[in-house]
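What follows is the residue order along each chain.
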2 protein chains.
Amino acid sequence: MIIGKSVTRVDALDKVTGRSKYTDDLCEKNALVAKIYHSTKANGVVTSIDTSEAEKIPGVVKIVTCFDVPKIYFPTAGHPWSTDPSHQDVADRLLLTDRVRFCGDDVAAVIAENEIAAKQAIAALKVEYEEYPFVLDVQEAMADGAPCLHEKYPGNVLGHSSIRKGNLEEAIKEPGLIKVDQWYDTPVVQHCHIENHICFASMENGKISVVSSTQIPHIVRRVVGQALGIPWGSVRIIKPYIGGGFGNKQDALYEPLCAYLSKVVGGRLVKLDVTREETFVSNRTRHAIRSHIISWVRPDGTFAARKLECFSNQGAYASHGHGIAAKGMNAFPQLYPCENIECDAYTVFTNMPVAGAMRGYGIPQAMFPVESQTDDIALAIGMDPVEFRRKNLMPVGYVDGFSKNENYYDTFNQCLEKGKAYIDFDRKRKEYENQTGPVRKGVGCSVFWYNTAVWPISLESASCRMVLNQDGSVQVQLAETEIGQGADTAFAQMTAATLGIPFEMVHVISCQDTDITPFGTGSYASRQTYVGGFAIKQTALLLKERILKYAYELTRMPSFNLDIKDGKIVRTTDGRELMTLGELSTEALYSLSHSEHLTSESTYQIKSNAYSFGCCFAEVEVDIPMCKVKLVNIINVHDCGQLINPALAEAQVHGGMSMGIGYALSEQLLIDAKTGKTLNDNLLDYKLSTTMDHPHLEAQFVENYEPTSAFGTKSLGEPPACPVAPAIRNAILNATGVSMYQIPMTSQALFKRFKEEELF
Amino acid sequence: MIIGKSVTRVDALDKVTGRSKYTDDLCEKNALVAKIYHSTKANGVVTSIDTSEAEKIPGVVKIVTCFDVPKIYFPTAGHPWSTDPSHQDVADRLLLTDRVRFCGDDVAAVIAENEIAAKQAIAALKVEYEEYPFVLDVQEAMADGAPCLHEKYPGNVLGHSSIRKGNLEEAIKEPGLIKVDQWYDTPVVQHCHIENHICFASMENGKISVVSSTQIPHIVRRVVGQALGIPWGSVRIIKPYIGGGFGNKQDALYEPLCAYLSKVVGGRLVKLDVTREETFVSNRTRHAIRSHIISWVRPDGTFAARKLECFSNQGAYASHGHGIAAKGMNAFPQLYPCENIECDAYTVFTNMPVAGAMRGYGIPQAMFPVESQTDDIALAIGMDPVEFRRKNLMPVGYVDGFSKNENYYDTFNQCLEKGKAYIDFDRKRKEYENQTGPVRKGVGCSVFWYNTAVWPISLESASCRMVLNQDGSVQVQLAETEIGQGADTAFAQMTAATLGIPFEMVHVISCQDTDITPFGTGSYASRQTYVGGFAIKQTALLLKERILKYAYELTRMPSFNLDIKDGKIVRTTDGRELMTLGELSTEALYSLSHSEHLTSESTYQIKSNAYSFGCCFAEVEVDIPMCKVKLVNIINVHDCGQLINPALAEAQVHGGMSMGIGYALSEQLLIDAKTGKTLNDNLLDYKLSTTMDHPHLEAQFVENYEPTSAFGTKSLGEPPACPVAPAIRNAILNATGVSMYQIPMTSQALFKRFKEEELF
């Protein structure tokens with residue numbers, strides 16, 4: 001059985017031998033090079049740009065400024081288009097802007113024969129600004145008299161949503177309640193994918209063609225069309241292998257500008273290769289979200305009422321808008337259902353770099369405060385934190401009214417049991433009581449849930465096409481992109497399983513081309529195996545039907561007595577192998593009586609969603625005088641349904657855990673409060689966690705088959721990053737008795753809190 | 001109405017501005033370079049190859065010789081595969097061979113870091129041969145004791161076919177018959193497409209991928225699979241724009257070797273760029289065919305009996321085999337039906353460069369003798385050559401027993417009338433009687449018929465896929481390749497007409513990729529608009545059906561009351577425009593209730609064929625003392641059915657006429673009888689006709705709608721080259737009274753004949 005088998009990735013050999021083609025590998029060497037002049041002011045207006053010196057630089061072909069571009073506002077978020085205007089993303093970007101809103105905003109661009117000339121010309125531009133006061137903090141941005149970033153949003157609030165359930169006012173009057181009231185802060189972090197965003201554009205046959213390192217070719221096609229004010233069918237996006245995305249490339253980044261620049265030079269090939277510095281500042285970041293949670297808890301460990309306010313720092317432009325804060329807030333009442341709840345989420349413009357989608361899409365930002373407070377409450381009422389969770393977590397049979405997601409299994413207990421057993425939780429909790437030395441140990445845990453794909457918030461559909469070759473092998477095309485996660489391999493396994501052919505006979509077309517690739521929205525929302533699976537299964541069954549119909553012509557056996565097994569046409573009544581699929585396909589193609597190219601194509605629209613669950617257990621050693629945390633042991637346990645490829649699933653979890661460790665302990669993009677400039681826009685000063693910072697990363701699974709799914713799968717791409725930071729935080733609490741209220745928990749942050757708590 | 005309109009080619013702008021990507025444009029600059037060592041002996045065996053000096057040259061990566069390659073014999077002809085072994089092409093090629101059969105055979109290859117190193121290494125190879133006697137002439141090759149090229153073919157006859165009708169022996173006993181008995185010779189010529197054959201290969205995802213300048217990507221895929229002994233589905237062929245082919249690229253040329261060389265260096269990118277010299281000698285040529293025709297004619301201008309023998313010089317390998325000579329022979333009894341006929345065609349191996357497909361596929365070689373003799377007979381019986389033709393040509397209602405082709409219209413008379421009128425034939429025939437000066441004028445004519453596509457000889461099928469975009473524009477994919485002839489434009493017109501959308505809204509995917517492109521056999525046999533048309537019409541109607549079905553969902557109007565006109569959904573009952581196709585498509589893609597990517601795909605198998613007809617009239621001035629012919633005036637008249645794009649049809653005719661003029665007057669690949677080496681393998685010494693040699697090329701059409709065809713079209717690609725040489729020859733006869741029996745009719749050839757006929 002190929003489903004559930006850890007076969008080698010289809011792209012493994014090419015990737016380790018360097019054969020795989022990434023965007024830059026495909027760009028002709030004589031391409032023109034574009035560079036962007038980014039705003040050096042955090043807020044203001046460009047009053048003039050003197051290009052005269054820049055134009056004199058040999059090799060400069062064209063300088064385009066904010067005064068040249070069309071005044072067409074477009075959205076950048078990698079969301080499916082909606083024909084309902086009220087559901088469309090905020091269109092607040094111009095290709096280049098004179099109204100600069102953060103240090104790093106796009107003001108002008110140079111096209112040159114080579115990179116050196118382009119860089120020199122950028123340096124030679126003389127830009128004059130009228131500066132405005134700027135604001136970086138969400139609460140300050142919401143305050144009266146704060147600088148306003150967008151006229152349409154006085155008060156800077158891009159979005160506000162709320163949940164009201166029961167009667168909080170009344171509920172909190174219950175006597176004997178313990179109130180836990182705290183603010184929590186998460187930082188701005190960046191995706192730090194290996195391959196920076198890069199794209200190159202040219203015009204062919206009247207179309208603008210952009211080859212781009214993107215997760216979402218079909219969405220980018222639409223956005224380029226919108227940004228340039230041209231029909232969407234006249235845009236072609238090609239997506240080769242990409243070196244990661246993690247959500248940053250779930251936005252249209254510089255594809256619209258690059259397309260425009262090519263158009264400006266008559267369709268010549270123009271490459272726009274984004275530097276690491278630009279990636280940090282002028283692409284997208286993860287929203288810093290500040291949360292305020294008040295819980296009223298009964299002494300028996302049940303909730304009487306809860307209140308959540310969260311404030312999401314959007315930065316200067318809307319990108320994915322309010323969706324991320326809203327999603328984080330929605331996690332709260334579902335994870336721990338409570339009769340009386342008040343939640344409010346605000347997304348607020350500031351003069352910070354633009355926040356967008358990043359692995360977890362608001363849930364890591366929500367899990368840190370929520371699961372931190374869970375342990376704070378357990379401590380306050382003197383209850384074991386795992387037991388407190390068991391008492392309050394979403395019960396079996398729980399159904400969410402909006403998504404219709406259901407918790408079909410006793411999955412939380414199953415996951416928690418595995419995690420506890422691996423980390424030896426109960427014994428260690430006991431052992432670590434009453435520690436006194438300078439180095440103390442602790443264990444902590446955290447849970448999470450995640451959903452799968454975006455229905456019913458947005459469109460969920462995937463299309464697939466399959467092409468049968470003469471040797472019985474099959475090409476598979478779909479728009480759900482391989483972005484390093486191994487999707488192509490899972491797709492090949494699904495195809496092989498459904499068609500009844502060997503895995504090696506499936507060739508997934510990894511490169512998407514919007515002119516040709518069946519429509520699908522791309523890689524995000526941990527949708528790939530779930531949504532792609534439906535399209536693959538339906539399309540493979542269509543192909544199988546066509547094959548067996550043709551097999552009837554050749555064998556005179558009724559189709560309903562035929563099947564395909566291991567690449568052979570088999571008579572089910574006696575198991576006889578009648579012919580190979582290759583023989584059938586060759587006959588079908590070249591038959592002088594009935595020639596037919598056997599292919600199939602279909603769209604599957606998903607109107608379901610699925611809960612994915614899991615937990616993390618961490619063990620730390622805290623050196624109190626040194627304010628250093630050493631992560632000693634960590635395990636993630638996931639219920640993501642049926643595993644298609646356990647080895648790839650484990651790799652996916654490893655990546656997410658690593659990202660969670662950095663989020664917990666070291667990563668933070670620092671912005672200078674005086675200038676609004678990013679202080680650490682490089683991988684030396686921005687402290688990404690590395691294997692040197694990791695213990696063995698243990699990944700375990702509970703495989704509860706998801707009943708709504710084509711192959712029993714549900715989301716796994718993003719979940720691993722969600723529970724890690726609060727588990728480490730709770731382990732530090734267990735070790736030291738000190739609750740941390742912000743991440744990353746650096747030595748500086750620990751020093752401050754240890755001092756406040758008088759540990760020294 | 002878009003059908004019949006001379007819209008600008010879809011690729012015009014890109015081609016004139018240099019944007020279009022050809023094979024070499026797509027090759028990475030760091031590709032390894034392969035060069036081939038060709039045999040310097042016309043017949044023999046390679047006994048040893050000393051590579052030691054070559055290996056020392058810096059930059060040489062790998063040397064592969066005939067002793068290294070697998071002993072897998074493969075065919076190269078661009079014919080559809082047949083599952084019937086008796087109908088398969090002759091498999092007589094190895095990737096490299098030690099048994100050399102012509103000067104230019106492929107013996108060894110060098111892969112190097114750059115072209116200079118590769119060339120130096122080729123020069124440094126020390127190859128020892130055992131030489132055999134060789135034979136260049138067909139009759140000599142058929143004689144007893146001639147050197148035998150292939151063991152399987154003692155006597156060197158690759159193929160022999162014959163036609164017997166009536167009783168010739170008896171028929172020629174009829175009293176009063178005039179016997180005309182003559183031998184005619186046509187030369188070896190070469191295609192001389194602008195872009196030499198070039199390909200580059202690499203391995204990706206376990207597949208061998210070859211980007212190639214070929215007319216037949218899907219066939220080349222199969223041949224590469226055969227040659228390397230690997231499954232056909234593990235081969236991927238990509239065909240970008242190509243700079244002409246004319247049949248030379250209807251063979252697998254160096255794609256199999258290039259694929260093998262890449263495999264030998266572990267899948268690295270290897271480029272094989274063929275020089276002009278290699279194109280002349282080691283690609284394919286047009287068969288030289290020697291014909292012997294005896295006609296027994298009654299004084300009233302009717303045929304009593306005819307006998308044809310033709311001998312086709314195949315060169316060293318089978319390539320397209322006997323098909324070309326057989327096709328030429330088959331033209332004979334159909335053009336001038338006669339009760340008593342004996343025909344024999346022989347295809348014979350010699351130690352000449354390999355002959356293959358070339359525009360006209362045997363018909364230019366047949367029309368020269370047949371139509372020369374037509375005029376010789378008319379002269380002999382004292383009849384006007386046009387009247388003689390009218391009397392004997394295939395009559396209206398004629399049906400060929402094999403192809404079922406029918407002559408539906410009085411097309412020959414219609415074409416002849418137009419040609420006569422343009423050239424002022426009757427008046428000039430009279431005027432040019434009894435000329436005596438040194439410079440004399442003459443007019444001549446020739447007719448031809450041609451068929452369309454290859455059914456019932458081989459498989460004829462084409463597949464098509466269409467993809468609807470959000471703006472209502474459509475991508476069209478099919479494997480029938482654009483090779484410069486304008487097929488993409490005709491396809492776009494057909495699609496627009498069938499779907500009811502503006503021409504500009506059709507995007508034909510010009511680049512074929514066998515992994516993705518629906519199966520079709522490629523560009524040859526003047527099949528494109530005929531065969532492609534069926535697939536396009538059927539697929540467009542399928543898409544239209546899907547569109548109108550979706551329109552029902554949106555408009556609640558029954559599909560049978562809906563149509564698409566000018567890109568809009570129209571209610572036929574009152575003509576109201578209900579919505580644009582773009583609105584429908586956008587709703588269909590993004591609908592939250594029913595999302596569907598509207599595409600269609602289908603295979604159309606053709607089981608018909610169609611006669612295409614035409615004639616050529618030429619006027620010449622012959623300077624007898626100088627033995628020089630000046631072409632003064634020329635017209636081709638074609639009945640190729642409905643014209644899709646008259647301007648492109650005219651361009652196609654111009655190209656064919658130019659090729660015919662060169663064939664008549666100047667082109668000939670000369671082989672040294674002493675060594676077997678080609679003497680003029682370059683465009684300086686090989687006299688291709690140029691615009692300097694052409695008068696105005698007049699192209700006129702008779703548009704008799706072909707009733708078997710999807711759009712009323714039939715073949716036009718090859719026909720224009722067929723009638724030109726004999727028309728010029730007959731004009732020379734009219735001017736001088738001298739019958740020429742071979743082409744090209746160079747000064748040397750004219751001098752010889754004028755001397756024989758005592759003109760001086």
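Residues numbered from 1 in each chain as written. Chains lettered and ligands numbered in written order. Predicted model: local features only at pLDDT ≥ 70, side-chain atom pairs only at ≥ 80, totals over all residues. Heavy atoms only, no water.

### What to know about helix α19 (residues 724–736) of chain B
Going by this rule: Secondary structure follows DSSP: runs of H or I at least 4 residues long count as helices, runs of E at least 2 residues long count as strands, and numbering of each begins at the N terminus. In this scheme, a helix's expected span is set at 1.5 Å multiplied by one less than its residue total.
For α19(B), spanning 13 residues, the distance from its first C-alpha to its last is 18 Å, which sits close to the expected 18 Å at 1.5 Å a residue. Just past α19(B), the residue Gly737(B) takes up positive phi, approximately 80 degrees.

### So, the packing of aromatic side chains
Using the following cut-off: Put simply, two rings from Phe, Tyr or Trp (the six-membered ring, in Trp's case) pair if the centres are within 6.5 Å, and we call them stacked under 30 degrees between planes, edge-to-face over 60, tilted for the rest. Only protein chains enter the accessibility calculation, which uses a 1.4 Å probe; a residue whose area is less than 20% of its type maximum is buried, one above 50% is exposed, and one in between is partly exposed. Charge-over-ring placement is defined geometrically: NZ (Lys) or CZ (Arg) within 6 Å of the ring centre, and within 35 degrees of the ring normal.
Within this structure, the stated rule accounts for 42 aromatic pairs over all chains. Ring centres of Phe412(B) and Phe613(B) lie 5.1 Å apart, and the angle between their planes is 70 degrees; this geometry places the pair in the edge-to-face category. One end of the pair, Phe412(B), is in helix α13 (residues 411–423); the other, Phe613(B), is in strand β27 (residues 612–623), and 201 residues separate them in sequence. Residue classification places Phe613(B) among the buried positions, given a relative accessible area of 1%. With a centroid separation of 5.1 Å and an interplanar angle of 80 degrees, the aromatic rings of Trp449(B) and Tyr611(B) are classed as edge-to-face. With Trp449(B) in strand β18 (residues 439–450) and Tyr611(B) in the loop between β26 (599–605) and β27, the pair connects residues that are 162 residues apart, well separated along the chain. Trp449(B) sits in the buried class, given a relative accessible area of 2%. One aromatic cluster is present, formed by Trp81(A), Trp232(A), Phe519(A) and Tyr590(B) through successive ring pairs. Arg93(A) extends its terminal NZ or CZ atom over the ring of Tyr317(A), reaching a point 4.1 Å from the ring centre.

### Description of the sheet that holds strand β8 (residues 178–185) of chain A
All names here are of chain A. Convention followed: When DSSP finds two or more bridges between two strands, those strands count as paired. Between the N-to-C directions of two axes lies an angle of 0 to 180 degrees, each axis being a line fitted to C-alpha atoms and, for a helix, fitted only over the stretch in contact.
Within the open sheet, the five strands sit side by side as β7-β16-β15-β14-β8. Their pairing is mixed. Of all the strands in the sheet, just β7 (157–165) and β8 have a single pairing partner and so form its edges. Shown here is a sheet whose adjacent strand axes are inclined to one another by a mean of 5 degrees, direction ignored. Sheet analysis places strand β15 (residues 303–315) next to strand β16 (residues 341–349), joined by nine bridges and oriented parallel. Pairing of Lys307 across the sheet is with Glu342, part of β16.

### Brief notes about the relation of the copies chain B and chain A
Cut-off, in case you're wondering: For this overlay, a least-squares fit was computed on C-alpha atoms, restricted to residues scoring pLDDT of at least 70 in both copies. Contact definition: two residues touch when any of their heavy atoms are within 4.5 Å.
Once chain B has been moved 0.0 Å along the axis and rotated by 180 degrees, it coincides with chain A to within an RMSD of 0.0 Å. Considering both components of the superposition, the chain copies are consistent with a two-fold axis. Looking at chain B, 100% of its interface residues are interface residues in chain A too, so the copies touch through the same face.

### Observations concerning helix α18 (residues 646–665) of chain A
Between its first and last C-alpha atoms α18(A) spans 28 Å; for 20 residues at 1.5 Å apiece the expected length is 28 Å, and the two agree. With 14 of 20 residues buried, α18(A) lies mostly within the body of the structure.

### Focus: the packing of helix α11 (residues 363–381) of chain A against helix α12 (residues 385–392) of chain A
All names here are of chain A. This is how the line gets drawn: Should an angle lie under 35 degrees it is considered roughly parallel, over 145 roughly antiparallel, and from 65 to 115 roughly perpendicular; all remaining angles are considered oblique.
The interhelical angle for the contact between α11 and α12, taken along N-to-C directions, is 110 degrees, at an axis separation of 9 Å. Of the possible angle classes, the one that applies to α11 and α12 is roughly perpendicular. On α12, the residues touching Glu371, Thr374, Asp375, Ile377, Ala378 and Ile381 of α11 are Pro385, Phe388 and Arg389.

### A look at the interface of chain B and chain A
As a reminder, the rule being used: Once two parts are joined, some of their accessible surface, as seen by a 1.4 Å probe, is lost; buried area is that loss totalled over both. By definition, a salt bridge exists where a carboxyl oxygen of Asp or Glu is found within 4 Å of a side-chain nitrogen of Lys or Arg.
Each partner contributes to the interface: chain B provides 60 residues, whereas chain A provides 60 residues. Between chain B and chain A the total buried area reaches about 4900 Å² when both faces are included, carbon and sulfur atoms providing 48% of it. For chain B, the biggest contributors to the area lost against chain A are Asn205(B), Tyr590(B) and Leu592(B); these three give 13% of the whole. The tally of links from chain B across to chain A stands at four salt bridges. Note that Arg465(B) is salt-bridged to Glu601(A), the shortest N-O span being 2.8 Å.

### Quick notes on the environment of Ile219(A)
All names here are of chain A. When you line up the elements, Ile219 lands in helix α7 (residues 217–228). The sequence separation of Ile219 and Asp185 amounts to 34 residues, and the corresponding C-alpha distance is 32 Å. Those residues in contact with Ile219 that lie beyond four places of it in its chain are Ala77, Gly78, His79, Pro80, Thr521 and Tyr524.

### Comments concerning the domain arrangement of chain A
Residues and elements named next belong to chain A. Inclusion rule: These domain limits were set by an automatic method or by a database of domain assignments. Polar contact criterion, stated in full: a pair of N or O atoms within 3.5 Å, where within protein one must be able to donate a hydrogen and the other to accept it, and residues adjacent in sequence count only if both atoms are side-chain atoms. Note on residue categories: nonpolar means Ala, Val, Leu, Ile, Met, Phe, Trp, Tyr, Cys or Pro, charged means Asp, Glu, Lys or Arg, and polar means any other residue, Gly included.
Here chain A is described as being made up of domain 1 (13–132 + 197–273), domain 2 (358–451 + 609–756) and domain 3 (461–605). Each of domain 1 and domain 2 has a C-alpha centre, and these two points are 37 Å apart. In this complex, domain 1 contributes seven residues to the contact, which on the side of domain 2 involves seven residues. Taking both partners together, domain 1 and domain 2 bury about 510 Å²; carbon and sulfur atoms supply 56% of that area. At the boundary of domain 1 with domain 2, the tally comes to zero salt bridges. Along the contact surface separating domain 1 from domain 2 lie two residue pairs in polar contact (both at pLDDT 80 or more). Here the residues of the side of domain 1 that touches domain 2 sort into three nonpolar, four polar and no charged.

### Things to note about the sheet that holds strand β20 (residues 474–478) of chain A
All names here are of chain A. Taken in spatial order, the four strands make up an open sheet running β21-β20-β19-β26, and their pairing is mixed. Among the strands making up the open sheet, the edge pair consists of β21 (506–508) and β26 (599–605). Ignoring strand direction, the axes of neighbouring strands in this sheet form an average angle of 20 degrees. Here three bridges tie β20 to β21, and the two strands are oriented parallel to one another. If you follow Val476 over to β21, its bridge partner there is Val508.

### Some thoughts on the state of the cysteines
Counted only if it meets this: The rule for a disulfide is simple: a pair of cysteine sulfur atoms within 2.5 Å.
Tallying each qualifying case throughout the model produces zero disulfides over all chains. Looking at Cys103(A), it has no disulfide partner, and the nearest cysteine sulfur is the one in Cys66(A), 16 Å off. By relative accessible area, which is 6% here, Cys103(A) ends up buried. This cysteine, Cys445(B), is not joined by any disulfide, and Cys615(B) carries the nearest cysteine sulfur, 6.9 Å off.

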